[in-house]
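Chains, contacts and geometry: an overview
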Amino acid sequence: MSRVIGIDVGGTAIKAARFAGSRMEERRTIPTPSAEVVGAVTELARDLLAPDVDGVGVAVPGVVVDGVVQYSTNVAWADVPLRETLEDALNVPVVVANDVNAAAVGVGGDLLYVALGTGIGGALVVGGELIEGARGLAGEIGHVPVWPDGEPCACGQRGCLETYASASSVVRRYGGVTSAAELVARLDGDPAAREVWDAATTALGIALASATLLLDPPRIVLGGGLAGAGAALVEPVRAELARRLAWRPAPPVELAADPADAGIRGAAVLARAVRESA
Ligand SMILES: [Zn+2]
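What comes next concerns the included structure. Throughout, residues of each chain are indexed from 1 in the direction in which the sequence is written. Local features are withheld for residues below a pLDDT of 70 in this predicted model, meaning they are given only at 70 or higher, and side-chain atom pairs are given and counted only at 80 or more; totals for whole chains, interfaces and linings count all residues. Excluding hydrogens and water, the side-chain values take into account all heavy atoms of the structure.

The next point concerns the overall build of the protein. Helix and strand definitions follow DSSP, with helices as H or I runs of at least four residues and strands as E runs of at least two, each counted in order from the N terminus. Secondary structure assignment for the protein yields 9 helices and 13 strands. Relative to a compact globule of 278 residues, whose C-alpha radius of gyration would be 19 Å, the protein shows 19 Å and is just as compact. Its C-alpha atoms put the protein at 55 × 40 × 35 Å along the principal axes. Burial analysis of the protein (278 residues in total) assigns 48% to the buried set. In this description the radius of gyration comes from C-alpha coordinates, and the expected globular size is given by 2.2 Å times residues to the power 0.38. Throughout this description, buried means an accessible area under 20% of the type-specific maximum (1.4 Å probe, protein chains only), exposed means over 50%, and partly exposed covers the range between.

The next thing to look at is the sheet that holds strand S2 (residues 13-20). A pair of strands is labelled paired if DSSP reports no fewer than 2 bridges between them. Read across the sheet, 5 strands follow the order S3-S2-S1-S4-S8 without closing on themselves; strand pairing throughout is mixed. Every interior strand has two partners, whereas the edge strands, strand S3 (23-31) and strand S8 (94-98), have only one. Each strand axis lies, on average, 15° off the axis of its neighbour in the sheet, ignoring direction. Inspection of the sheet shows strand S4 (residues 53-60) paired to S8 by 5 bridges, in the parallel sense. The partner of Ala 59 across the bridge, within S8, is Ala 97. This element, helix H2 (residues 82-90), spans S4 and S8 of the sheet and lies at about 150° to S8. Angles run from 0 to 180 degrees between N-to-C directions of axes, and those axes are lines fitted to C-alpha atoms, restricted for helices to the stretch in contact. Contacts between residues were defined by any pair of non-hydrogen atoms, one from each residue, lying within 4.5 Å.

Moving on, we get to the packing of helix H1 (residues 37-48) against H2. With their axes 10 Å apart at the nearest point, H1 and H2 run at an angle of 40° to one another. Viewed along their axes, H1 and H2 adopt a mutual orientation that is oblique. Once H1 is placed against H2, the crossing between them reads as right-handed. For the pair H1 and H2, the contacting residues are Val 38, Val 41, Thr 42, Ala 45 and Arg 46 in the first and Leu 82, Thr 85, Leu 86, Ala 89 and Leu 90 in the second. Put simply, angles under 35 degrees are roughly parallel, angles over 145 are roughly antiparallel, angles from 65 to 115 are roughly perpendicular, and the rest are oblique. By the definition used in this description, the sense in which the near helix is turned from the far one sets the handedness, with an anticlockwise turn below a right angle giving left-handed and a clockwise turn giving right-handed.

In this section: the pattern of salt bridges. For this analysis, a salt bridge means a side-chain nitrogen from Lys or Arg found within 4 Å of a carboxyl oxygen belonging to Asp or Glu. If you walk through the whole model with that rule in mind, you get 17 salt bridges. Note that Arg 173 is salt-bridged to Glu 151, the shortest N-O span being 3.0 Å. Of this pair, Arg 173 sits in helix H5 (residues 167-174) while Glu 151 sits in the loop between strand S11 (129-130) and helix H4 (161-165), and the two are 22 residues apart along the sequence. As a salt-bridge pair, Glu 254 and Arg 219 come within 3.0 Å of each other at their nearest N and O atoms. Of this pair, Glu 254 sits in strand S13 (residues 253-255) while Arg 219 sits in the loop between helix H7 (191-215) and strand S12 (220-223), placing them 35 residues apart in sequence. Judged by its relative accessible area of 28%, Glu 254 falls in the partly exposed class. Through salt bridges with shared partners, a single network forms among Arg 3, Arg 18, Arg 23, Glu 25, Glu 26, Arg 28, Asp 47 and Asp 52.

Turning to the coordination of the zinc ion, a few remarks are in order. Only nitrogen, oxygen and sulfur atoms count as donors, using a 2.8 Å cut-off from the metal that widens to 3.2 Å for Na, K and Ca. Water is left out, so coordination shells may look unfilled. Around the zinc ion, the protein supplies His 143 (ND1), Cys 153 (SG), Cys 155 (SG) and Cys 160 (SG) as donor atoms, at distances of 2.0 to 2.4 Å. Taken together, the 4 donor atoms coordinating the zinc ion span angles of 103 to 120° at the metal, a pattern that classifies the geometry as tetrahedral. Each donor residue of the zinc ion lies on the same chain, and together they follow the pattern H-x9-C-x1-C-x4-C. You can see His 143 sitting in the loop between S11 and H4 and its partner Cys 153 sitting in the loop between S11 and H4, a full 10 residues away along the chain. A four-donor site is called tetrahedral if each angle lies between 85 and 135 degrees; a four-donor site is square planar, and a six-donor site octahedral, when trans pairs exceed 155 degrees and the remaining angles lie between 65 and 115; all other cases are labelled irregular.

What follows is about the side chain of Asp 8. Mapping Asp 8 onto the fold places it in strand S1 (residues 3-9). Neither His nor the chain termini are counted; the positive set is Lys and Arg, and the negative set is Asp and Glu. There is no salt bridge for the buried Asp 8, and the closest opposite charge comes from Lys 15, which lies 4.6 Å off by N-O distance. Excluding residues within four positions of it along the chain, Asp 8 makes contact with Ala 13, Ile 14, Lys 15, Ala 59, Asp 99, Gly 263 and Ile 264.

For the rest of this paragraph, the subject is the sheet that holds strand S6 (residues 68-72). Reading across the sheet, the 3 strands line up as S5-S6-S7 and stay open at both edges, with antiparallel pairing between neighbours. Either end of the sheet is taken by a strand with one partner, and the two such strands are strand S5 (63-65) and strand S7 (77-80). Averaged over all pairs of adjacent strands, the angle between their axes in this sheet comes to 20°, without regard to strand direction. Both S5 and S6 contribute to a ladder of 3 bridges, which runs antiparallel. The residue bridging Val 64 from the neighbouring strand is Val 69, located in S6.

Here you go:
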């Protein structure tokens, strides 16, 4: 059986795994170095390489066009020709993709995928294809305004979904906790925590109602760190989405099955796809 490698380059860790079919057979995780990230990615891939590996997929947090990482804040890349560099070093076909797009493809089937992490990213898969838009910016649901005169967003707009519903936004708006999980643990006894959380799930419901009316996705999958909140997240979001849609049914809203490994799994799926089309 042929094999592929999936790599997920994150701001704090680089994860990589070799897959035989959909089975993960070997994996590595290293802390993201402060410099020479491309070298670290190359080394990880080399370490996992086997004679029958015939594709490598790399998911990166940034804007990717034709294998070139144009921009990535978390790893401070600008115009890095990652695909070419890795293909030269490894001698196998390489595909490089935005990490949210990779995670969406990794889930499988047509869907709207929303990654709730430090920021909020989105990706839309229709007919098995990622919808990229004219500038590669389709699916940026994090910067859909939910409250027109709301709080300023780091992007320059006001009232963006991301300002209320990202993992870092709920921590910032509540204050006094270091993680969203800590805030979720306080929901039952702390009205201030409840208020911040309700604003987040309401904002998500509003944004998903707009997305549903525009796109009619067959399902919506929530991933990223905040998806770890489980029922505390998905139940009020489902309720708000249903409340906002009067004349049409709401699509099912699900939690990503394996959010921590969504990036490497999606990168592996993309690697397999690029091999088959080569
Ligand atoms: Zn914004």
